[in-house]
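The lines below spell out each chain.
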Amino acid sequence: MSVRLTVGQALVRFLAAQEVERDGDRHRFFAGCFGIFGHGNVAGLGQALQQHEELLPYHQARNEQAMVHVAAGYARQRNRLGAFACTTSIGPGATNMVTGAALATINRLPVLLLPSDTFASRRPHPVLQQLEVPHDATVSVNDCFRPVSRYFDRIERPEQLVPSALEAMRVLTDPAETGAVTLALPEDLQTEAFEAPDSFLEPRLWTIWRQPPAPEALARAAELVRAARRPLIVAGGGVIYSEAAGAVRELVEATGIPVCETQAGRGSLPSDHRLSLGAVGATGTAAANRLAREADLVIGVGTRWSDFTTASKSAFQDPDVRFVNLNVASFDAAKHSGLALTCDARAGLEALREALAGHRVEEGWEELAAREASAWADEVARLVGAGHEPLPSQAEVIGAVNDAAGADGVVVCAAGSMPGDLHKLWRARDPKSYHVEYGYSCMGYEIPGGMGVKLAAPEREVFVMIGDGSYLMLPGELTTAVAEEIGIVVVLVDNHGYSSIGALSRSLGSAGFGTHYRRQDGTQLLDRPDGQGPATDAPPLPVDLAANAESLGARVLRTRTIEELRGALEQARGERGPVVVHIEVDRYAGVPSYDGWWDVPVAEVSEDAAVRSAREEYEEARAGQRRYLERP
Ligand SMILES: Cc1ncc(C[n+]2csc(CCOP(=O)(O)OP(=O)(O)O)c2C)c(N)n1
Ligand SMILES: [Mg+2]
C-alpha cells in the first residue's frame, strides 16, 4: 500500500517516525527541524513542515551555521541518541551550513542537513544563487558538503528518497560512522508527488548494539595491562557517549589505574576522585602530564588522539610506551600502532575489568597518582582564588561559574583561551557537566551550541562561556533563544581581542600582531616583550558588547568584580530566556602551561631576533616529539 505525497511531505513523515534504542530504552530520534526559508524550500519542505507541525516541530533560526551548531550541541548532550534536521534554501543559505557540517563530522555528532538545490529538471536554469560550471552540469554549491559529510546524496527523482533516507538513518545512528548527513533536495523535487510506500512512513526502530571486543584482542590487552608497571587510562568522548563513566570508575577502583581526560572525555571520572588526574596533553594538568610522561602502557578509551591530547606526540615519553585503544571506530582504535579493541566503550571496559580480575597496579604508581591529583586540586584552588586586580583573571571567572554550576550545571565553550583553562581548572562533578567543543574549536559555536544543550537537558542550568571574539562571530541566535524562551546563561568574558592567539603569537616571537581590536596611528597594536601589557597605549574601541546583547532581546547583567559576577549568576538562575552576564578580565593574566607543548611551526628564517629565538625553542621541543610506531 502507498499514499501519494510530495517528497517534502514524505520526508517529514519519515523523519517523525524514526526511533532509536539502546539498552532497551526506546524513543524518537528527531526532536524537530530547524530552518530558514528561501525560494529553495519555502514551498517544498516548508509546506510539508507547516502541514505536519504536530509531527515534527519547526524552529526558525537566524543563521544557518548557528542552527547546525544548535543541532550538534543537542546531539552531544543526548549522547548521540537524538538529533535535529536542518533545512535551508539554495545557495548562501546552504553553504552557510558547511562549517556546521564540518564541526558535526569532526566531533562525530549526528546532524541531518537538508540544503535545497537547484532544479532537478534544469528548466529555468540558471536560477538566482546558482553556481554555473561550464564543463559540468552536475555540480552545485552543495558539492561543498561532500568532504564534511559522512553520507551525501542529491535526490534527483522522488522515489530515490526512500533508499537515501534509509542510508541517512543508518549513518546517523551508527556510533562509528556518525556525523553530518547531507541530503541535497532540488527545489522542484521537494514539491513533486509520488507513491510513498506505507512501510516507509511507519515507525522504524534503529537499535544501537553494544559491540563487545574480539576475545583474542581482549586477552592480549589484559596480558599487556598485567605486564605493565605504569598503566594510564586516557578517557575520551566515547566514554561519555556510551555512558561508560560508571564502567571507568569500576575498572579504576578494581585495578588502581589512574585516569586522565581529553576535552570530549572531561567528566569521565569526577574531579574529586583520588585517581582522577584531569586534563591531559597540551592543555593538561601537572598531574596528568607527569603520569603521562612516565606511563608504559596507555589505554585510550573512545579517543581520536588529537594533537591536543598527545601534546603533539610529546606527552608520552617512556621509550617503551605502548597503546591499547578501545573504540567503536576501527579507524581510531588503530592509531598510535595500538592494540585495537574495536568495541563499544562500556562493553570493552566491563570486559577488561573481568579479564583483569584480581589484578592491581603497583602501589607506588597508584600513590604517585593520588598525590599528584591532590596537589593539582590545590593548584586549581590557588588559581581560581587569586584575587587578581584591578581586573579579575579568567581563572577566577571560571571558578565562580564552576561554583554556580553546582552538581549538574553544564558549561559550554569552544574557542579562545577558555577551552584550555576550562580543561585544566573545571572541577567536573558529572559526566554531562562539561561541554567544550574542541574537535573543530569553532568560534561562534558557544551560544547556539549551548542552546542545543538546553533543549536536550532543560532541567540543567546551562552556562555558556564565551570570549568577546567568539561572541562577535555569531551572536544572532540569542534572538532565537529569546523567541523560543531557551534559558541559557551566557558569561561574556571580555578581554578586547584574541588573547589566546595573542599569547601564542608572543610565544612564537610575533608580539601579539593582529590580535588586538585596537589600533594606534593606523598600525597594529603590539605587546610588550615581557607579555605583561601592550607596548603602547591605545584608546579602547567604542564597542559595547553588553549593549549589543541587550539589543538582541537578552536580559543583560553587567558585572565588574567576581563578587558581582557571583551575584549575577545567582540572579540569572531559572530565567525563561537567555541572560548575558558581562565581565571584563585581564587579557594578560593567563593560566600557565604545565608541560603541555603544541606543535605550531615558527618561521625558519627571520630578521627578528625574537622569531629566531622562538624557532630555536621550537626545534628543541620538536626533538621530544615521538612517532608511536612500536607495536604492542
Ligand atoms: C571560526 C574561527 N576562526 C578563527 C579561529 C582561530 N582562533 C582561535 S581562538 C581565536 C580568538 C578568540 O578570541 P576570544 O573569543 O575573544 O577569546 P580569547 O582568545 O580572548 O580568550 C581565534 C581567532 C577559530 N578557532 N575559529
Ligand atoms: Mg577575547
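The structure this text deals with has already been given above.
Notes on the structure follow. (Residues numbered from 1 in each chain as written. Chains lettered and ligands numbered in written order. Predicted model: local features only at pLDDT ≥ 70, side-chain atom pairs only at ≥ 80, totals over all residues. Heavy atoms only, no water.)

**A few points about the site of ligand 1**
Basically, it comes down to this: Any residue with a non-hydrogen atom lying within 4 Å of a molecule or strand is treated as near it. Under the rule applied, a polar contact is a pair of N or O atoms within 3.5 Å (in protein, one hydrogen donor and one hydrogen acceptor; residues adjacent in sequence only if both atoms are side-chain atoms). To measure how exposed things are, a 1.4 Å probe is used in the Shrake-Rupley method; for residues, cover is taken only from the protein chains shown. Helix numbering and strand numbering both begin at the N terminus, where a helix is a DSSP run of H or I of at least 4 residues and a strand a DSSP run of E of at least 2. All amino acids are sorted into three groups, where Ala, Val, Leu, Ile, Met, Phe, Trp, Tyr, Cys and Pro are nonpolar, Asp, Glu, Lys and Arg are charged, and the leftover types, Gly among them, are polar.
What surrounds ligand 1 is a group of 15 residues, the closest being Ser417, Ser441, Gly469, Gly497 and Ser500. Ser441 is positioned with one of its backbone polar atoms (N or O) 2.8 Å from a nitrogen atom of ligand 1. Expressed as a share of its isolated accessible area of 580 Å², the protein-covered part of ligand 1 is 77%. Counting residues per element, the ones that place at least two in the shell around ligand 1 are helix H19 (468-473) and helix H21 (499-507). Of all the elements, H19 adds the most residues to the shell around ligand 1, at 4 residues. Looking at the shell around ligand 1, its residues break down into 4 nonpolar, 10 polar and 1 charged.

**Focus: the sheet that holds strand S2 (residues 18-22)**
Condition: When DSSP finds two or more bridges between two strands, those strands count as paired. Interaxial angles span 0 to 180 degrees and are taken between N-to-C directions of axes, which are lines fitted to C-alpha atoms, for helices over the stretch in contact.
Read across the open sheet, the 3 strands follow the order S3-S2-S11; overall the sheet is mixed. Each edge of the sheet is formed by a strand with only one pairing partner; in this case those strands are strand S3 (25-28) and strand S11 (204-207). Direction aside, neighbouring strands of the sheet carry axes that sit 25 degrees apart on average.

**As for the coordination of the magnesium ion (ligand 2)**
To keep things clear, this is the line we draw: Note that water is not among the atoms used; donors are N, O and S atoms within 2.8 Å of the metal (3.2 Å for Na, K and Ca), so sites may look incomplete.
All of the protein donors around the magnesium ion (ligand 2) are Asp468 (OD), Asn495 (OD1) and Gly497 (O); their distances to the metal are 2.0 to 2.2 Å. On the primary sequence, the residues serving as donors to the magnesium ion (ligand 2) are separated as D-x26-N-x1-G.

**Quick word on the sheet that holds strand S9 (residues 180-186)**
The sheet built from 6 strands is open, its strands ordered S5-S4-S6-S7-S9-S8 with parallel pairing. Sheet topology places strand S5 (58-60) and strand S8 (151-154) at the edges, where each strand pairs with a single neighbour. Strand-to-strand, the axes of this sheet are offset by a mean angle of 20 degrees, without reference to chain direction. Sheet analysis places strand S4 (residues 30-35) next to S5, joined by 3 bridges and oriented parallel. Along S5, the bridge assignment pairs Cys33 with Tyr58.

**What about unusual backbone geometry?**
Here the bond from His125 into Pro126 is cis, since omega is -5 degrees, no more than 30 degrees from zero. When you line up the elements, Pro126 lands in the loop between strand S7 (111-117) and S8. With an omega of -5 degrees, the peptide bond running from Glu389 to Pro390 counts as cis. Inspection of the secondary structure puts Pro390 in the loop between helix H15 (363-384) and helix H16 (394-405). Positive phi, close to 55 degrees, is recorded for Ser337, a residue that is not glycine. A positive phi angle, near 70 degrees, is found at Asp595, a position not held by glycine.

**Here's the deal with helix H17 (residues 418-425)**
To keep things clear, this is the line we draw: Type-normalised accessible area, obtained with a 1.4 Å probe on protein chains alone, sets the label of each residue: buried when under 20%, exposed when over 50%, and partly exposed for intermediate values.
Taken across its 8 residues, H17 has 8 buried, putting it largely inside the fold. Listed as buried for H17 are Met418, Pro419, Gly420, Asp421, Leu422, His423, Lys424 and Leu425.

**Some details on the environment of Arg626**
The line we're drawing: The contact criterion used is simple: two residues touch if any of their non-hydrogen atoms lie within 4.5 Å.
Tracing the chain through its elements places Arg626 in the segment after helix H24 (609-622). With relative accessibility at 18%, the residue Arg626 sits in the buried group. Along the backbone, Arg626 and Thr173 are 453 residues apart, and their C-alpha atoms lie at a distance of 36 Å. Residues contacting Arg626, with those up to four places away along its chain left out, are Lys313, Phe316, Gln317, Asp318, Pro319 and Val321. At a separation of 3.4 Å, a polar atom in the side chain of Arg626 contacts the main-chain carbonyl oxygen of Gln317.

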